[in-house]
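Examination of the molecular architecture
If you want the building blocks of each chain, they are given just below.
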Amino acid sequence: MRKISPATYLFSIGALVIAGFIIFGVVVKSAPSSYDSFAQCLTEKDVKMYGAYWCAHCQNQKELFGNAFRYISYEECATPGAPKVMTATCEIAGVKGYPTWKNSAGEIIAGEQTLENLAEFSGCKL
Amino acid sequence: MIYFNNKRVATVLFLLSLIGIAISIYSVAHFFGITSGSICNINEVLNCDLVNKSVYAKIGGIPVSIVGLIGYLFLAIASYLKWKEKEIDRGLTQFLLTAIVIGFFFSLYLTGVEAFILKAFCPTCLISQVTTLLMTIFIVMLYVRERHL
């Protein structure tokens with residue numbers, strides 16, 4: 001019987017791993033979230049999040065929403081090339097730290113928020 | 001003589017894979033907050049936090065460092081098997097070449113993100129990128145030499 005090269009096993013396992021990554025990526029990205037309507041309500045009420053890509057609290061805030069974050073109105077405050085320098089848009093908006101939430105009345109809450117806090121701040125039902 | 005050279009290249013590849021595995025484990029730990037990453041936050045340009053905690057640190061919901069770790073594990077296993085081979089196994093070399101080509105372009109994409117979008121580099125990522133580049137050179141050398149046997 002012809003001996004099978006270990007490469008055959010490696011190619012097969014590698015293909016399975018890549019397929020797994022793709023399936024996981026598609027499933028994770030497209031799965032609906034139970035916060036979809038809440039996030040849509042925040043955007044409808046003109047509630048906006050200001051953050052920076054390097055800010056860990058902003059990542060935590062995004063993770064709280066899960067896939068529903070795609071419905072959030074988000075402003076990136078890090079200046080390209082000088083990530084710690086705030087963009088003019090964010091400065092004008094009165095952002096002092098990340099993340100910051102601002103509503104249409106101009107009210108601001110700073111720091112990582114629970115969804116309950118955001119519901120209270122916006123009047124949206126969680 | 002040729003076989004001896006193959007073994008030597010496989011040894012170098014295995015050692016480079018181990019460096020890649022170590023760097024990836026550190027990056028995974030940093031991503032999940034197990035380690036602070038302070039030793040690689042040198043300034044605003046060389047900064048692990050800026051890169052490894054950014055939105056680009058995940059691809060399809062999977063941390064890039066985990067993708068790297070799995071890639072290096074495959075390369076380490078294939079290099080080890082290459083080192084152990086009694087007669088030349090071209091299949092293993094083809095696997096190494098396929099894996100490193102994927103790794104090389106993935107690394108190129110990440111370098112592009114660091115250079116043109118984030119405008120910041122993480123030292124551990126740079127070590128990993130150099131490791132990938134060196135492995136690409138050695139594997140291509142191995143592949144070309146075996147083709148001429």
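Read on for a plain summary of the structure. Remember, predicted model here, so these are calculated numbers, not experimental data.

**Thoughts on the state of the cysteines**
Simply put, the disulfide is a covalent bond whose two ends are the sulfur atoms of two cysteines. All names here are of chain A. In this structure the tally under the stated criterion is five disulfides over all chains. In this model, Cys41 is linked to Cys124 through a disulfide, with the two sulfur atoms separated by 2.0 Å. On the sign convention where negative is left-handed, the bridge of Cys41 and Cys124, at about -85° about the S-S bond, is left-handed. Taken together, the residues Cys41 in helix H2 (residues 36-44) and Cys124 in the segment after helix H5 (115-122) connect sequence positions 83 residues apart. Neither Cys41 nor Cys124 differs from the other in exposure class; each is buried. Through a disulfide, Cys77 is tied to Cys90; the S-S separation comes to 2.1 Å. Handedness of the Cys77-Cys90 disulfide follows from its S-S torsion of about -90°: it is left-handed.

**Regarding a nonpolar patch on the surface**
Together, B:Val55, B:Tyr56, B:Ile59, B:Tyr109, B:Phe116 and B:Ile117 make up a nonpolar patch on the protein surface, roughly 550 Å² of accessible area in all. It is helix H4 (residues 90-118) of chain B that contributes the most residues to the nonpolar patch, three residues altogether.

**Re the side chain of A:Lys62**
Take A:Lys62: it is sitting in helix H3 (residues 56-65). It turns out A:Lys62 is buried and unbridged, and the closest side chain with the opposite charge, A:Glu76, is 5.3 Å from it.

**Things to note about the nonpolar core**
Counting residues in each nonpolar core, the largest one holds 38 residues, and the members touching the most others are A:Phe38, A:Leu42, A:Trp54, A:Phe65, A:Ile72, A:Tyr98 and A:Trp101. Of all the elements in the fold, those that place two or more residues in this core are H2, strand S1 (48-51), H3 and H5 of chain A together with helix H2 (48-52) and H4 of chain B. Core analysis: the second largest hydrophobic core is formed by 21 residues, A:Ala7, B:Ala76, B:Phe95 and B:Ala99 among them.

**Brief notes about the interface of chain B and chain A**
Quoted interface sizes are often the accessible area lost when the parts come together. Across the contact, 25 residues belong to chain B and 24 residues belong to chain A. Summing the contributions of chain B and of chain A, the shared interface buries around 2,000 Å²; its carbon and sulfur component is 75%. At the junction of chain B and chain A, the tally comes to one salt bridge. The partner of B:Lys58 in a salt bridge is A:Glu63, with the nearest N and O atoms 3.6 Å apart. Linking chain B to chain A there are two residue pairs in polar contact (both at pLDDT 80 or more). Those elements that provide at least two residues to the side of chain B that touches chain A are H2, helix H3 (64-84) and H4 of chain B.

**Quick look at the pairing of strand S4 (residues 82-86) of chain A**
Residues and elements named next belong to chain A. Relative to S4, strand S3 (residues 78-79) runs antiparallel, the two sharing two bridges. Among the inter-strand pairings, Thr79 is bridged to a residue of S4, identified as Ala82. Here S3 folds back onto S4 in antiparallel fashion, the turn holding two residues, of which Gly81 has a positive phi close to 95°.

Cut-off values and rules
- Here the residue numbering is sequential within each chain, running from 1 through the sequence in written order.
- Here chains are named by letter from A upward and ligands by number from 1 upward, in the order in which they appear as written.
- Owing to the predicted nature of the model, reporting of local features is limited to residues with pLDDT of at least 70; listing and counting of side-chain atom pairs is limited to 80 or more, with chain, interface and lining totals taken over all residues.
- To get the side-chain values, take all heavy atoms of the structure and skip hydrogens and water.
- Throughout, a disulfide means two cysteine sulfur atoms within 2.5 Å of one another.
- The secondary structure listing takes helices from DSSP runs of H or I that are at least 4 residues long and strands from runs of E that are at least 2 residues long, numbered from the N terminus.
- Buried means the residue's accessible area, taken with a 1.4 Å probe over protein chains only, is under 20% of the maximum for its type, while exposed means over 50%, and partly exposed covers the values in between.
- Patch construction takes residues with relative accessible area above 30% that form no salt bridge. Like charges are linked within 9 Å, and nonpolar side chains (Val, Leu, Ile, Met, Phe, Trp, Tyr) are linked within 5 Å.
- Values of accessible area rely on a 1.4 Å probe in the Shrake-Rupley scheme; residue burial ignores everything except the protein chains shown.
- The term salt bridge refers to a pairing of a side-chain nitrogen on Lys or Arg with a carboxyl oxygen on Asp or Glu at a separation within 4 Å.
- Positive residues here are Lys and Arg, negative ones are Asp and Glu, while His and the chain termini are left out of the count.
- Take the buried residues of types Ala, Val, Leu, Ile, Met, Phe, Trp, Tyr and Cys, join any two whose side-chain atoms come within 4.5 Å, and each joined set is a nonpolar core.
- Residue contacts are defined here by distance: any two heavy atoms, one from each residue, within 4.5 Å place the two residues in contact.
- In short, buried area is how much 1.4 Å probe accessible area vanishes from two parts on joining, totalled over both.
- Here a polar contact is taken to be a pair of N or O atoms separated by no more than 3.5 Å, where protein atoms must pair a possible hydrogen donor with a possible acceptor and residues adjacent in sequence count only if both atoms sit in side chains.
- What makes two strands pair is DSSP finding at least two bridges between them.

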